[in-house]
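So the chains spell out like this:
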Amino acid sequence: EASGKMSEAQAQFEAALALDPGSAFALFHRGLALEAQGRLTAAIASYQQALELSPGNVDYACALANAYVKSGKINTALATLQPLTDAHADSSLLWYNLGFVYSRREESKAAIDAFQQAIQLDPRNDGARQLLARSLVDASRFQDAEPLANDLVERSPNDSEYLYLRASIYRGEGRFQP
């Protein structure tokens, strides 16, 4: 049923685009609907058009970059986001997405720096906190990761991903015995 609703949403965005072909907003949302339907190539094209009409829009650039990552074009994702850092240095969303791309490129230091910047800008960004902790674990910086993981678990004690993260830290520190 969700796929049917996305098809309906896409139809509405198509109708909006027929009336206003230059609507970056409608192109962006059509991209979201296409991506939800698994039509990644079409979604990328729609996101690209939205970004061309509204250059520098962080939401559009992040959606495009995430679609590139899903399609295996990690370097293209990075090239989409990096030019925005000067003009949007205050965007937690941008730094979060940069951290995600850097982590996919296995660039731990750059990922850690980007996630830390995202958290500095928005301390409630639990997604950035989780991925920062994961990047710290990947870099064997368990003592730095543990307070982040403990805080996440304290606030959401039934979240299996947070519990797994903390278990990974314990295992890395040798405190986990199967």
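Now for a quick tour of the structure. (Residues numbered from 1 in each chain as written. Predicted model: local features only at pLDDT ≥ 70, side-chain atom pairs only at ≥ 80, totals over all residues. Heavy atoms only, no water.)

Here's the deal with the overall build of the chain
Counting secondary structure elements, the chain contains 10 helices and zero strands. The order of helices and strands in the chain, counted from the N terminus, is α-α-α-α-α-α-α-α-α-α. With the C-alpha coordinates aligned to their principal axes, the bounding extent of the chain is approximately 60 × 40 × 25 Å. Counting every position in the chain, which comprises 178 residues, the buried fraction comes to 39%. Partitioning the intrachain contacts of the chain with sequence separation of at least 6 by distance along the chain shows that 43% fall at a separation of at least 24. Side-chain charges in the chain split into 16 positive and 22 negative, and the spacing between the mean points of these groups amounts to 4 Å. (Helix = DSSP H or I, 4+ residues; strand = E, 2+ residues; numbered from the N terminus. Buried < 20%, exposed > 50% of the residue type's maximum accessible area, 1.4 Å probe, protein only. Contact = heavy atoms within 4.5 Å. Lys, Arg positive; Asp, Glu negative; His and termini not counted. Charge placed at Lys NZ, Arg CZ, Asp CG, Glu CD.)

Re the pattern of salt bridges
This structure, assessed with the given rule, holds 11 salt bridges. Arg129 is paired through a salt bridge with Asp126; the nearest N and O atoms lie 3.9 Å apart. Linking Arg129 with Asp126, this pair stays in helix 8 (residues 126-138), spanning three residues, or about one helical turn. By relative accessible area, Arg129 is classed as buried at 12%. With a closest N to O distance of 2.8 Å, Glu146 and Arg175 form a salt bridge. Of the two residues, Glu146 is situated in helix 9 (residues 142-155) and Arg175 in the segment after helix 10 (160-172); the sequence distance between them amounts to 29 residues. Take Glu146: its relative accessible area is 17%, and that puts it in the buried class. Residue classification places Arg175 among the partly exposed positions, given a relative accessible area of 46%. Ionic contacts of the salt-bridge type, sharing partners, join the residues Asp126, Arg129, Asp151 and Arg155 into one network. (Salt bridge = Lys/Arg side-chain N within 4 Å of Asp/Glu carboxyl O.)

Some remarks on the nonpolar core
Of all hydrophobic cores here, the largest spans 49 residues; its most connected members are Tyr47, Leu81, Leu98, Val101 and Leu132. Per-element accounting of this core gives the leading share, 10 residues, to helix 4 (residues 58-70). Apart from residues no more than four positions distant in its own chain, Leu132 is found in contact with Ile112, Phe115, Gln116, Ile119 and Leu148. (Core = buried A, V, L, I, M, F, W, Y, C linked by side-chain atoms within 4.5 Å.)

Comments concerning the packing of helix 8 against helix 9
Their axes nearest at 8 Å, the elements helix 8 and helix 9 cross at an angle of 145 degrees. Relative to helix 9, helix 8 is oriented so that their crossing is left-handed. Contact with helix 8, carried on its side by Asp126, Arg129, Gln130, Leu132, Ala133, Leu136 and Val137, involves Phe142, Asp144, Ala145, Leu148, Asp151, Leu152 and Arg155 of helix 9 and no other residues of that element. Residue composition of the contact of helix 8 with helix 9, by class: eight nonpolar, one polar and five charged. (Axes fitted to C-alpha atoms, helices over the stretch in contact; angles between N-to-C directions. Left-handed = near helix turned anticlockwise from the far one by under 90°. Nonpolar A, V, L, I, M, F, W, Y, C, P; charged D, E, K, R; others polar.)

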